[in-house]
Number of protein chains: 2
Amino acid sequence: MKILITGAAGMIGRKLVRALMRSGKVRGQPIRRLILADIVAPEAPDFDVEIETLATDLSQPGAAESLIAQRPDLIFHLAAIVSGEAEADFEKGYRVNLDGTRALFEAIRLAGRERPYVPRLVFTSSIVVFGNPLPPVISDSHCLTPLTSYGTQKAICELLLADYSRHGFFDGIGIRLPTISIRPGKPNKAASGFFSSILREPLIGEEAILPVSETVRHWFASPRAAIGFLLHAAEIDTRPLGQLRTLTMPGLSATVGDQIEALRRVAGDEAVRLIRREPDSDIAAIIAGWPQGFDARRAEELGFRGETSFEDIIRVHLEDEPESRIAEHN
Amino acid sequence: MKILITGAAGMIGRKLVRALMRSGKVRGQPIRRLILADIVAPEAPDFDVEIETLATDLSQPGAAESLIAQRPDLIFHLAAIVSGEAEADFEKGYRVNLDGTRALFEAIRLAGRERPYVPRLVFTSSIVVFGNPLPPVISDSHCLTPLTSYGTQKAICELLLADYSRHGFFDGIGIRLPTISIRPGKPNKAASGFFSSILREPLIGEEAILPVSETVRHWFASPRAAIGFLLHAAEIDTRPLGQLRTLTMPGLSATVGDQIEALRRVAGDEAVRLIRREPDSDIAAIIAGWPQGFDARRAEELGFRGETSFEDIIRVHLEDEPESRIAEHN
């Protein structure tokens, strides 16, 4: 089993590599080789298989072909520039998120013309393919009306994934990840950052800023759940997907108030007191256009599992992130 | 008012040019110049304005830029290769239907960086952006799950149209045309051909073959209605569209049996007897995946109007197509 991961240097990519190292196999077959690609060379993990790490930009001529020349059996295509950057730099967003993905898909199709080659391809999409108008609960049959260029690029790649799969060029499956909480690391400037920081910072005794109301509702999964989705997508029989090759992943629909109460139960009032309310109308306006909940029954029927309470999400963070341990011993 | 029409040599393109000649103006402004482009040079109509006809392939480097250099105020982007060809020739389909459209969009965006330029762009999409799973009545908020590469390319262009419009690069509106009936001309090999030929041929005293059951239901508009949609899309205020920049056009949901009864009322039993039933399971299987009806309320509220009976559709054909006149005098 040869595995290619694009975007391997990112938070999800690195966690995925560690999970693959732990299991050592996929679909019952031992992992023989890992090809880890990103715009900067990913760190080589300490893992007793052939590992190649490389810095590559899929949108550059020949880059995708050279990755695919090794004919990986399984491809996790995680590489993308993030929402804010894709919105600010229109050309770069389309070049990386659309042209880069299409170059990868084309390289696979063309490799298959030389001799049969139909790898499993797992593509990470996002719930931001959904925009206005949004019902309170969004099913997989709801139209894609992204409100950002990033969401547009992901939606287009979902369509390409379905068409390339239908033609038999690869065996594709797309998974729309919920907003990941608790993201490890430092606070960042993403509009969604507070969904993680209002838990992560108080857990280690630091202050965090809440820029929106406690009634704001959104759709969440832990990083561990996200890795579980990716691994499961690599394993399952894709035939029941039909033409809907991309699935919204199960998540937890929760309000900011739910997050805070879960924090109180896990870490006490002391932690909750570290959340400072500082309303920000810009952030509130962005968040207002975001989805609140999904009907993820299709994914659940196929065996994808998310968390069912925010306490679980906090416990996952405490278990998985060494940096969170300070709080655990408070 | 300078107007560019891509795909101007096609059936819809030629009818659109004639309609523009008749009205002489758009949005109250006289038409000063028509730029008619297609893969083969369109015929120059006899119309007292500046007319340029040119053979061009939008997917070739520089082609879109040179069309846009004249800064048309209004663009009808009709150019595409058809469903069957896009399915059989994967690369050509993506090159013409996706890359050609994107090249046009990019040329407009880049022209606007030199000095302000925000033309109205009317894009023809198709109801084949919808595939399985299909409810009996499909609304504009239903997901796009095309079953062909052609449908995928149209769906992707709808997403691009929305994103370029949101960024203010142009003022785009997409219209999903129903199946056009009665198409003028000779019978062709398209799976949908019989929807026209079972009326068109008997009207001029010729035999036609019906390959499917009379219970088959589909969504129709006349060529005249299609031209009306295009002209209306050029005129309307696009602000109420929001993020859903593409609309399913009003059509008539009718069965083959409804078509035949309308033929009987307009042209008598004699005409109906010219329909020869010759079941074709291949065609039946293709048609089975097609949509049967739509909720086109959004388009209707914006003033788009289709036909309400198949007799109207037949009468439009008799009025608009000189070749149909033989039957009229039978």
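These figures come from a predicted structure and were not determined experimentally. (Residues numbered from 1 in each chain as written. Chains lettered and ligands numbered in written order. Predicted model: local features only at pLDDT ≥ 70, side-chain atom pairs only at ≥ 80, totals over all residues. Heavy atoms only, no water.)

Q: What am I meant to see in the interface of chain A and chain B here?
A: With 35 residues of chain A in contact, the opposing surface of chain B contributes 35 residues. Both faces combined, the contact of chain A with chain B buries some 2700 Å², and carbon together with sulfur accounts for 60% of it. In this assembly, chain A and chain B are joined by 8 salt bridges. In this structure, Glu87 of chain A and Arg166 of chain B form a salt bridge, with 2.8 Å as the shortest nitrogen-oxygen distance. Those elements giving two or more residues to the side of chain A that touches chain B turn out to be helix 4 (90-114) and helix 5 (149-166) of chain A. Of all the elements, helix 4 of chain A adds the most residues to the side of chain A that touches chain B, at 10 residues. Of the residues that constitute the side of chain A that touches chain B, the class distribution is 16 nonpolar, 9 polar and 10 charged. (Contact = heavy atoms within 4.5 Å. Buried area = accessible area lost by both parts, 1.4 Å probe. Salt bridge = Lys/Arg side-chain N within 4 Å of Asp/Glu carboxyl O. Helix = DSSP H or I, 4+ residues; strand = E, 2+ residues; numbered from the N terminus. Nonpolar A, V, L, I, M, F, W, Y, C, P; charged D, E, K, R; others polar.)

Q: Looking at this structure, I do not really get the sheet that holds strand 6 (residues 74-77) of chain B. What am I missing?
A: All names here are of chain B. Across the sheet, which stays open at both edges, the 7 strands sit in the order 5-4-1-6-7-8-12 with parallel pairing between neighbours. Single-partner strands in this sheet number two, and they are strand 5 (50-55) and strand 12 (246-248). Across the sheet, the axes of successive neighbouring strands diverge by a mean angle of 15°, strand direction being ignored. Here 6 bridges tie strand 4 (residues 33-38) to strand 5, and the two strands are oriented parallel to one another. By the bridge assignment, Leu34 is partnered in strand 5 with Ile51. Its contacts with the sheet place helix 1 (residues 11-23) against strand 1 (2-6), strand 4 and strand 6, and it is angled at close to 165° to strand 1. Contacts from helix 4 (residues 90-114) reach strand 1, strand 6 and strand 7 (120-126), with the element oriented near 170° to strand 6. (Pairing = 2+ DSSP bridges. Axes fitted to C-alpha atoms, helices over the stretch in contact; angles between N-to-C directions.)

Q: Looking at this structure, how should I read the packing of aromatic side chains?
A: Think of a pair of aromatic rings as described by two things: how far the centres are apart, and how the planes are tilted against each other in angle. For the structure shown, the criterion picks out 29 aromatic pairs over all chains. Ring geometry for Tyr164 of chain A and Phe169 of chain A: centres 5.7 Å apart, planes at 70°, overall edge-to-face. Of the aromatic side chains, those joined through ring pairs into one cluster are Phe90 and Tyr94 of chain A together with Phe105, Tyr164, Phe169 and Phe170 of chain B. Geometry around Phe169 of chain A places Arg109 of chain A over its ring, the cationic atom sitting 5.8 Å from the centre. (Phe/Tyr/Trp six-rings, centres within 6.5 Å; stacked < 30°, edge-to-face > 60°. Lys NZ or Arg CZ within 6 Å of the ring centre and 35° of its normal.)

Q: I keep staring at the packing of helix 6 (residues 194-203) of chain B against helix 8 (residues 256-272) of chain B and nothing clicks. Help me out?
A: Two measures define how a pair of helices packs: the angle their axes make with one another and the distance between the axes. Residues and elements named next belong to chain B. Where helix 6 meets helix 8, the axes come as close as 10 Å, and the angle between the chain directions of the two elements is 5°. When the interaxial angle is binned, helix 6 and helix 8 end up roughly parallel. Taken together, the residues of helix 8 that come into contact with helix 6 (itself represented by Phe194, Phe195, Ile198, Leu199, Pro202 and Leu203) are Val256, Gln259, Ile260, Leu263, Ala267 and Ala271. In terms of residue class, the contact of helix 6 with helix 8 is made up of 11 nonpolar, 1 polar and no charged. (Parallel < 35°, antiparallel > 145°, perpendicular 65-115°, else oblique.)

Q: Even after reading the chapter, I still don't get the pattern of salt bridges, so can you show me in this structure?
A: A side chain with one charge may pair with a side chain of the opposite charge, provided their charged atoms come close. This model, assessed by the stated rule, comprises 58 salt bridges over all chains. Here Glu91 of chain A ties to Arg113 of chain B by a salt bridge, and the two come within 3.3 Å at their closest N and O atoms. Of this pair, Glu91 of chain A sits in helix 4 while Arg113 of chain B sits in helix 4, placing the two residues on different chains. Note on Arg113 of chain B: relative accessible area 57%, which makes it exposed. With its nearest N and O atoms 2.7 Å apart, the salt bridge here joins Arg224 of chain A to Glu319 of chain A. (Buried < 20%, exposed > 50% of the residue type's maximum accessible area, 1.4 Å probe, protein only.)

Q: Before we go on, may I ask you to explain the domain arrangement of chain A in this structure?
A: The parts lose accessible area when they come together, and the size of an interface is often stated as this lost area. Residue and element names in this part refer to chain A. When cut into domains, chain A gives domain 1 (2-178 + 222-248) and domain 2 (194-219 + 251-296 + 308-328). In this structure, domain 1 and domain 2 have C-alpha centres spaced 28 Å apart. For the pair domain 1 and domain 2, the summed buried surface comes to about 1300 Å²; carbon and sulfur atoms form 60% of the total. Across the domain 1-domain 2 interface, the total number found is 3 salt bridges. Where Arg224 meets Asp320, a salt bridge forms, and the shortest distance between an N and an O atom there is 2.8 Å. Here domain 1 and domain 2 share 6 residue pairs in polar contact (both at pLDDT 80 or more) between them. Residues of the side of domain 1 that touches domain 2, tallied by class, amount to 8 nonpolar, 3 polar and 3 charged. (Domains from an automatic or database assignment. Polar contact = N/O pair within 3.5 Å; in protein donor to acceptor, adjacent residues only side chain to side chain.)

Q: Would you mind going over the side chain of Ser222 of chain A with me for this structure?
A: All names here are of chain A. Take Ser222: it is sitting in the loop between strand 11 (217-221) and helix 7 (223-235). From its side chain, Ser222 meets the backbone nitrogen of Ala225 in a polar contact 2.9 Å long. A distance of 2.4 Å separates the side chain of Ser222 from the side chain of Glu307, its partner in a polar contact. Residues within four places of Ser222 in sequence aside, it is in contact with Ile180, Ser181, Glu307, Ile313 and Val316.

Q: Please clarify how the side chain of Ser125 of chain A should be interpreted in this entry.
A: Residue and element names in this part refer to chain A. Residue placement: Ser125 occurs in strand 7 (residues 120-126). At 2.7 Å, the side chain of Ser125 forms a polar contact with the side chain of Glu158. The contact partners of Ser125, leaving out residues within four places of it in the chain, are Lys154, Glu158, Ile175, Arg176, Leu177 and Thr246.

Q: Before we go on, may I ask you to explain the relation of the copies chain A and chain B in this structure?
A: Each of the two chain copies can be brought onto the other by rotation about an axis and movement along it. Note on the identical chains: chain A maps onto chain B by a rotation of 180° and an axial translation of 0.0 Å, with an RMSD of 0.0 Å. Such a turn and shift between the copies fits a two-fold axis. Among all residues of chain A, the one whose C-alpha sits closest to the rotation axis is Cys143 of chain A, at a distance of 1.9 Å. With an isologous cut-off of 70% or more, the 100% of interface residues of chain A that recur at the interface of chain B puts this contact in the isologous class. (Least-squares fit on C-alpha atoms with pLDDT ≥ 70 in both.)

Q: Is there a simple way to think about empty space enclosed by the protein in this case?
A: To find leftover empty space, one rolls a probe the size of a water molecule over the atoms. Scanning the entire structure with this criterion turns up 3 cavities of 30 Å³ or more. As a volume, the largest cavity reaches approximately 180 Å³. Lining the largest cavity we find 17 residues, and of these Leu144 and Thr145 of chain A together with Glu158, Leu159 and Leu244 of chain B sit closest to its centre. In terms of residue count, helix 5 (residues 149-166) of chain B provides more of the lining of the largest cavity than any other element does, 4 residues in total. Residues of the lining of the largest cavity, tallied by class, amount to 8 nonpolar, 5 polar and 4 charged. For the second largest cavity, the calculated volume is near 150 Å³. Lining the second largest cavity are 15 residues, and of these Glu158, Arg176 and Leu244 of chain A together with Leu144 and Thr145 of chain B sit closest to its centre. Among the elements that make up the lining of the second largest cavity, the one with the highest residue count is helix 5 of chain A (3 residues). Residue classes in the lining of the second largest cavity are distributed as 7 nonpolar, 4 polar and 4 charged. (1 Å grid on protein atoms, 1.4 Å probe; cavity = no way out; pocket = protein on both sides within 12 Å on 5 of 7 lines; lining within 4 Å. Points joined across faces, edges and corners; volume = space filled by probe spheres on them.)

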